[in-house]
Amino acid sequence: MDFWRDFHGPNAGYILELYERYKQNPATVDEAARQFFAQWTPPAATNGASTPAADISEIVGAVNLARAIREYGHLDAQLDPLGSEPPGDPALEFDTYGLNENTLRRLPASLVGGPISQQADNALVGIQKLRDVYSSTIAYDFEHVHIPKKRQWLREAAESGRFRLMLDAEKVMGLFRRLTEVEAFEQFIHRVFPGKHRFSIEGLDMMVPMLDEMICAAGENAMSSVLIGMAHRGRLNVLTHILQKPYAQILAEFKDPIKGLHFRDDLGWTGDVKYHKGAYRAREGNEPCLISVIMAPNPSHLEAVNPVIEGMARATGTLVNHRGAPDFDPMVTLPILIHGDAAFPGQGIVAETLNMSRLPGYWTGGTIHIISNNQLGYTTLPEDSRSTLYASDLAKGFQIPIVHVNADAPEACMEAARMAFAYRAEFQRDFVIDLIGYRRYGHNEGDEPAFTQPRMYEVIREHPTVRALWAQTLVKQGQITEADASAVLNEQMTALQQALESLKPDEMMEPQPEPAPPGTARRVKTRVEIKRLQQLNDALLTLPDGFQLHAKLDRARKRRREALQDVDAKAVDWATAEELALASILEDGTAIRMTGEDTERGTFNQRHAVLHDEETGEIFVPLQSMPQAKGAFEIHNSPLTEAATIGFEYGYNIQAPQRLVLWEGQYGDFINSAQVILDEFLLTGRAKWGQMPSLVLLLPHGYEGAGPDHSSGRLERFLQMAGEQNIRVVNCTTAAQYFHLLRRQAALLTIDPLPLIVMTPKSLLRHPMVASSLRELAEGQWQFVINDEEAWKRADQIKRVFVCSGKIFVDLMNSPLRQQHPEVAIVRIEQLYPFRTDDLGSILEGYPQLEEVVWVQEEPENMGAWTFMYPQLLQFLDGRWPLRYVGRAVSSSPAEGSAAWHGENQATLIQQAYDRRPDPKTDDFIIS
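Notes on the structure follow. (Residues numbered from 1 in each chain as written. Predicted model: local features only at pLDDT ≥ 70, side-chain atom pairs only at ≥ 80, totals over all residues. Heavy atoms only, no water.)

**Quick look at the overall build of the chain**
Secondary structure assignment for the chain yields 35 helices and 25 strands. When its C-alpha atoms are laid out on the principal axes, the chain stretches across 115 × 80 × 60 Å. When the 928 residues of the chain are sorted by exposure, 59% land in the buried category. The contacts of the chain with a sequence gap of at least 6 include a subset with a gap of at least 24, amounting to 80%. Across the chain, the 90 positively charged side chains and the 122 negatively charged ones have centroids separated by 4 Å. (Helix = DSSP H or I, 4+ residues; strand = E, 2+ residues; numbered from the N terminus. Buried < 20%, exposed > 50% of the residue type's maximum accessible area, 1.4 Å probe, protein only. Contact = heavy atoms within 4.5 Å. Lys, Arg positive; Asp, Glu negative; His and termini not counted. Charge placed at Lys NZ, Arg CZ, Asp CG, Glu CD.)

Okay, here's the thing in structure tokens:
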């Protein structure tokens, strides 16, 4: 047996160590090893027959050194363009293993292992080549990847050099021209618009050619699109050179003309600053590199766009034009996220998004992450902004391979880009490129960075650009002359000057979206025939043969089948109405995506959209199996995070506006954690960027003594942000209303899309006062305001009208005081925004003896709907009737922490509403 041929690298050292143990005590090794060693003679470590045998410790040391270089070589890499020393590690030194050059020269290259062992004459040459791979201007950091197949692929890719840049003369000039375009753009704007914010890419210029490389690879792999999310740094450069946004348009935004601008009262268009905007580049022609590219708009909350891009990617790759569960193809689109080096470890939404990357309902086939690492966070140095060595270390917890690369090394940067795409294509998993550069100016161009980093910026001022460095390399190689380099730069500067001179003073910078025709939502028909509803119900209750359902669920489903035979019985509870609505929407051909926290079963054990076989654990989804469905249905429990999951669904919704997308919170107050996504995307995306979301949020809301954290869905926050027809906010109170609401939303997806915020019940999910009849589903419609039917029959006796919204109506109706006060009517506002005063007006005017209108709510006075409704009601009532408030007093906390205290306050509140007498001890409950 030729030992050195059959046992390479770590295997060699391991076998020899094992052999030493065998010689000392054969019992210390297993039987198979004893049999092998009994017939085996250890070979000499040779370069030739006359070379003496190597010491075992030298062999093991060489193996361990090679292993250390693979694991820690990145610590010795030259990654900083500004020339700072790498941290290094003793594990990378010869002395640590008792080795020197002469010793290694005597050892065989096979000890190094991998492709390099085939390229070296001895271990010394192999170790030197290994250092060149792992400790140069590119550094591979992937020993944390625990799956051997992936780790072996990464090692082979790095050590074989198969992704290294091989440029012919045409590609050499192509890269030089690209770097010239990037640099000229920044220099021109800096000269023409001094001090204006642009968040220059300078110092990270290679990002643009890297994106070129990945986009071209996507086209060559027949992908349909690339989706890019990034913050400010370099955004304008990427917009113009990757998204092909015309120079003239960007320059017009810098000039910011006044003429031609106008605002429409019916839409609320405000636009956004130039370095927040997105763009779309359509594919043209048949060239593989001409592929559709989308950059999503992004606010100053830097990493908030991460889940939005992932949701867009999921929607793009999801096939929904069939019944059943949707299919997802990871090779349809490529998501690329560009992060800041301070933001990547600093902002929690990054970890939330990474956590979703391999979950069944959120997997997008892998994302390529580029950390635009300028070694500063505004003015903060890395040691003050993170507790890790690298900005990328967060990714290690998710076993994502990382390549660190010097942004002034074009060949290394292109190798990183190629490897990232190939890994993603091979394994459909994330990949991180830590692109380490600098920023030539401050955080923005009006900032003076030398105030806080004087030494760093002294180096930067003298440091040549990557274009200049690449030009020097090409001149030395004889591929271009210095005159050629200057000519290319001058040519580009001339093109920019011509674009500036061609601008028209009144040029409009971007189109404004058109509003839907007035009254569109009211004209939508949501009724479904009784027979069709019963057929859908039967289909939803049909189980596969042999499916063993939990006994309690089985009994409930049988009762439901029987109950819906009586079309006038109040047998349709909230969950049944929801399932019938979704089933009818699927039958109409609209695909549905529903996600949320415990949403498959429902937090309150009400939905059971996913059934589990009691014996086998097999799952069955009735909405995916019903024969009537013409659209696909998917439902997933989301991870316990709100910002990333709602951002994901927003992105999915924007990319696939024809699909009904719903997200449900475990409790309404969980929406607190998603405030950035609500403020920056869902509620303002239309006004800032012209996006038209129609995402549905289901937020359990209602005061039932559960304490401050599980009572309020923060209704007041949504109403505070409501304006210019940007949202629909409802607090509906019957199953039929919920049924018609969902069907209305589905019907409006493409003709009048708006986000829909639904305050859903908790204790009322099965309450008889919320239940509806099948006939109400079949013959009713969405009601903006619901009148008091009993009071309407004695309208001439009504002197006081309680106006309320949501769960409080049940407490008012069920109170014994209701029978003692026949002069009171209870009217419910089902849609709080947009609020329709004409519907309320026709009701109030129908009570001829009306003396007083009372707003009743269970939330504190500074929460709930009161502060939003008060000015509208006051203007609407116009002094015809006085307006009073009954509710909890102003509070910093949404609710009481004691169930008993809650019960006492709720009872007092109801009594005060009916008796018209404030309690002296709690006078704040009532405000005239």
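**A closer look at the packing of helix α20 (residues 530–540) against helix α22 (residues 574–587)**
Between α20 and α22, the shortest axis-to-axis distance is 10 Å and the interhelical angle comes to 100 degrees. With respect to their mutual orientation, α20 and α22 come out roughly perpendicular. In this structure, α20 contributes Arg 532, Leu 533, Leu 536, Asn 537 and Leu 540 to the contact, and α22 contributes Glu 579, Leu 580, Ala 583, Ser 584 and Glu 587. Partitioning the contact of α20 with α22 into residue classes produces five nonpolar, two polar and three charged. (Axes fitted to C-alpha atoms, helices over the stretch in contact; angles between N-to-C directions. Parallel < 35°, antiparallel > 145°, perpendicular 65-115°, else oblique. Nonpolar A, V, L, I, M, F, W, Y, C, P; charged D, E, K, R; others polar.)

**Re the environment of Ile 250**
Assignment of secondary structure puts Ile 250 in helix α11 (residues 247–255). Taking the C-alpha atoms as reference points, Ile 250 and Glu 303, separated by 53 residues in sequence, lie 24 Å from one another.

**Some thoughts on the packing of helix α4 (residues 56–72) against helix α6 (residues 123–134)**
At a closest axis distance of 9 Å, the pairing of α4 and α6 adopts a crossing angle of 15 degrees. Between α4 and α6, the angle falls in the class roughly parallel. Considering how the two elements wind past one another, α4 and α6 form a crossing that is left-handed. Between α4 and α6, the contacting residues are Ala 62, Leu 65, Ala 66, Ile 69 and Arg 70 on the first element and Ile 127, Leu 130, Arg 131 and Tyr 134 on the second. In terms of residue class, the contact of α4 with α6 is built from seven nonpolar, no polar and two charged. (Left-handed = near helix turned anticlockwise from the far one by under 90°.)

**Side note on unusual backbone geometry**
Going from Tyr 833 to Pro 834, the amide bond is cis rather than trans, its omega being -10 degrees. Despite not being glycine, Asp 598 has its phi angle at roughly 65 degrees, a positive value. Looking at where Asp 598 falls in the secondary structure, it is placed in the loop between β11 (592–596) and β12 (611–612). One non-glycine residue, Asp 878, adopts positive backbone phi at about 50 degrees. Of note, Asp 878 is situated in the loop between α34 (866–877) and β24 (883–888).

**A closer look at the pattern of salt bridges**
Taken as a whole, this structure holds 47 salt bridges when the rule is applied. Of the charged contacts in the structure, one is a salt bridge between Glu 101 and Arg 105, with a shortest N-O distance of 3.9 Å. Of the two residues, Glu 101 and Arg 105 both sit in helix α5 (residues 101–106), four residues apart, roughly one turn of that helix. Looking at Glu 101, the relative accessible area reads 42%, which means it is partly exposed. One network of salt bridges, with partners in common, ties together Arg 314, Arg 593, Glu 634 and Glu 649. (Salt bridge = Lys/Arg side-chain N within 4 Å of Asp/Glu carboxyl O.)

**Details of the layout of surface pockets**
Regions of empty space are outlined by a rolling probe, equal in size to a water molecule, passed over the atoms. Its volume calculated, the largest pocket comes out at about 890 Å³. If you trace the largest pocket, you find 27 residues lining it, with Asp 212, Glu 213, Cys 216, Cys 289 and Met 414 closest to the centre. Those elements giving two or more residues to the lining of the largest pocket turn out to be α8 (169–192), α9 (207–220) and α16 (410–427). Of all the elements, α9 adds the most residues to the lining of the largest pocket, at eight residues. (1 Å grid on protein atoms, 1.4 Å probe; cavity = no way out; pocket = protein on both sides within 12 Å on 5 of 7 lines; lining within 4 Å. Points joined across faces, edges and corners; volume = space filled by probe spheres on them.)

**Considering the packing of aromatic side chains**
For the structure on display, the rule yields 24 aromatic pairs. Judged by centre distance (4.7 Å) and plane angle (70 degrees), the rings of Phe 199 and Tyr 275 are edge-to-face. Here the residue Phe 199 occupies a position in the loop between α8 and α9, and Tyr 275 occupies one in the loop between α11 and β3 (279–281), the gap between them amounting to 76 residues. Classification of Phe 199 by relative accessible area gives buried; the value is 5%. Judged by relative accessible area, which is 13%, Tyr 275 ranks as buried. Judged by centre distance (6.0 Å) and plane angle (75 degrees), the ring pair of Tyr 833 and Phe 868 falls under edge-to-face. Separated by 35 residues along the polypeptide, Tyr 833 in strand β22 (residues 831–833) and Phe 868 in helix α34 bring together distant segments of the chain. The class of Tyr 833 is buried, set by a relative accessible area of 10%. By the ring-pair criterion, three or more aromatic residues cluster together here, those being Trp 153, Phe 163, Tyr 423, Phe 427 and Phe 431. The ring of Phe 254 carries the charged tip of Lys 274 above its face, separated from the ring centre by 4.6 Å. (Phe/Tyr/Trp six-rings, centres within 6.5 Å; stacked < 30°, edge-to-face > 60°. Lys NZ or Arg CZ within 6 Å of the ring centre and 35° of its normal.)

**Side note on helix α18 (residues 466–476)**
Within the sequence span of α18, burial applies to Val 466, Arg 467, Ala 468, Trp 470, Ala 471 and Leu 474. Close packing links the buried residues of α18 with α8, α16 and α19 (482–501). Following α18 by one or two positions, Gly 478 adopts a phi angle in the positive range, close to 80 degrees.

**Overview of helix α12 (residues 305–316)**
In this model, α12 (12 residues) spans 16 Å end to end at C-alpha, consistent with the 16 Å of a helix rising 1.5 Å per residue. Counting buried residues along α12, 11 of its 12 residues qualify, which places the element largely inside the surrounding structure. By the burial criterion, the buried members of α12 are Val 305, Asn 306, Pro 307, Val 308, Ile 309, Glu 310, Gly 311, Met 312, Ala 313, Arg 314 and Ala 315. (Expected span 1.5 Å × (residues − 1).)

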